[in-house]
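Listed below, chain by chain, are the residues.
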Amino acid sequence: MRPAGTLVVLLAIVVTLFACGSEQVTEKLIEPGVAGPQTQLIKPSDRVFAIDDFEAAGLKYSKDYKTDGLPDATSVSLFFWKVDGTPVQYEVRFYGSHDEAVSSGMSYAIEGAGPDAVIDPDFARYTEGLRDRRTIVHTRGSPTPRYGDFVIYGNMIALCEGRDAEQGSERCARLVEALDSTPGLVRE
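Everything numeric here is computed off the predicted structure, so don't read it as measured data.

**Overview of the environment of G168**
Link 1 in the chain: Mapped onto the secondary structure, G168 falls in helix α4 (residues 165-180).
Link 2 in the chain: Once the C-alpha coordinates of G168 and Y90 are considered, the two residues, 78 residues apart in sequence, prove to be 10.0 Å apart.
Link 3 in the chain: Look past the residues within four positions of G168 in its chain and what remains in contact with it is G148, D149, C160, E161 and G162.

**Observations regarding the state of the cysteines**
Formally, a disulfide is one covalent bond, and it connects the sulfur atom of one cysteine to the sulfur atom of another.
Link 1 in the chain: For the coordinates displayed, the defined rule picks out 1 disulfide.
Link 2 in the chain: Shown here is the disulfide that connects C160 with C172, its sulfur atoms set 2.1 Å apart. Looking down the S-S bond of the C160 and C172 bridge, the torsion is 110 degrees, so its handedness is right-handed. Of the two residues, C160 is situated in strand β9 (residues 156-161) and C172 in helix α4; the sequence distance between them amounts to 12 residues.

**Quick word on α4**
Link 1 in the chain: Between its terminal C-alpha atoms α4 stretches 22 Å, which fits the 22 Å expected from 16 residues at 1.5 Å a residue.
Link 2 in the chain: Looking only at α4, the buried set comprises A165, Q167, G168, R171, C172, L175, V176, A178 and L179.
Link 3 in the chain: One side-chain oxygen at the N-terminal end of α4 lies 3.3 Å from the backbone nitrogen of E166; it belongs to D164.

**Notes on unusual backbone geometry**
Link 1 in the chain: For D72, which is not a glycine, the phi torsion comes out positive at approximately 65 degrees.
Link 2 in the chain: Following the sequence through the fold, D72 ends up in the loop between β3 (60-65) and β4 (73-83).
Link 3 in the chain: At D84, a position not held by glycine, the phi torsion is positive, near 55 degrees.
Link 4 in the chain: With respect to the helices and strands, the residue D84 is situated in the loop between β4 and β5 (86-95).
Link 5 in the chain: A relative accessible area of 64% places D84 in the exposed class.

**With respect to the pattern of salt bridges**
Link 1 in the chain: Under the criterion given, the structure shown has 9 salt bridges.
Link 2 in the chain: Between K63 and D132 there is a salt bridge, with its nearest N and O atoms 3.0 Å apart. Highlighted residues: K63 in strand β3 and D132 in the loop between α3 (98-112) and β6 (134-136), separated in sequence by 69 residues.
Link 3 in the chain: Residues R174 and E170 are paired through a salt bridge, measuring 3.1 Å at the closest nitrogen-oxygen approach. Taken as a pair, R174 and E170 lie in helix α4 at a separation of 4 residues, close to a single helical turn.
Link 4 in the chain: Overall, the relative accessible area of 34% leaves E170 in the partly exposed class.
Link 5 in the chain: Salt bridges here are not isolated pairs; linked through shared partners, they connect D84, E170 and R174.

Quick notes on the rules
Position numbers for residues start from 1 in each chain and track the written sequence from start to end. Restriction of local features to residues with pLDDT of at least 70 applies here, the model being predicted, together with a cutoff of 80 or more for giving and counting side-chain atom pairs; totals for whole chains, interfaces and linings are based on all residues. Based on all heavy atoms of the structure, the side-chain values leave hydrogens and waters out of the count. Runs of E in the DSSP output that reach at least two residues are strands. Runs of H or I that reach at least four are helices, and both are numbered from the N terminus. Should any heavy atoms of two residues lie within 4.5 Å, those residues are considered in contact. A pair of sulfur atoms, both from cysteines and within 2.5 Å, is called a disulfide here. Multiplying one less than the number of residues by 1.5 Å gives the expected span of a helix. Between buried and exposed lies partly exposed: a residue is buried under 20% and exposed over 50% of the maximum accessible area for its type, with that area taken using a 1.4 Å probe on protein chains only. Whenever two N or O atoms come within 3.5 Å, that pair is a polar contact, provided that in protein one can donate a hydrogen and the other can accept it, and provided that, for residues adjacent in sequence, both atoms are side-chain atoms. Here, a salt bridge means any side-chain nitrogen of Lys or Arg that lies within 4 Å of a carboxyl oxygen of Asp or Glu.

Set out below in C-alpha cells:
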C-alpha cells in the first residue's frame, strides 16, 4: 500500500476511535494491511514517560532532535539498546498524553517506520533526524528505512530498528516489556 493510502486508512481508524465517545481504549494490535505494512502495538497508559524511564530500562540516551514539524511532540530522543548482543536504535517521540500521541503522532510514525517509510527529505513531513532513519543494507548502496515498526505506549511513540516489520515489531515488544519491568519514576 502506498504511504498516501496508508494515511487515509489510518485517519479513518483514528476518526472512528474518537467518534466512539469517551470509552476507555484498550490495548490494540493492528494487523498488517489494516493501517499499514507493519504491525503496530498501541498500549494506552496514564504513565508519562521521560528519558529517565528509558535509561532505567537499560537504554542509552544518545541525543535529542528538534520537534519542529512534529505536531504536539514535547521532545524527541535517540536511544541505543543491546538486544541479544546487537546494538539497536530507537527514536522515541514524547507527547503530553497518550491521546496526543495517537491523534497527532500516529500518521508521522507510520511515515517514519516500515518498509514504505518516507526517507526522502523532499517528501518527508518530519525531516529532523531523517538521516538516522535511513540505513544502507543492500549491496547496491541505496538507503532503506532503519525502523521496521513502532509502538505507541502511554505518552510516547518509539520507532524500533529492524530489517523488516517482524523484527521491528519484536524489538518494540521487548522495549515495552523492559519499560513495564521498571517502576514509574516520581516526577516533580
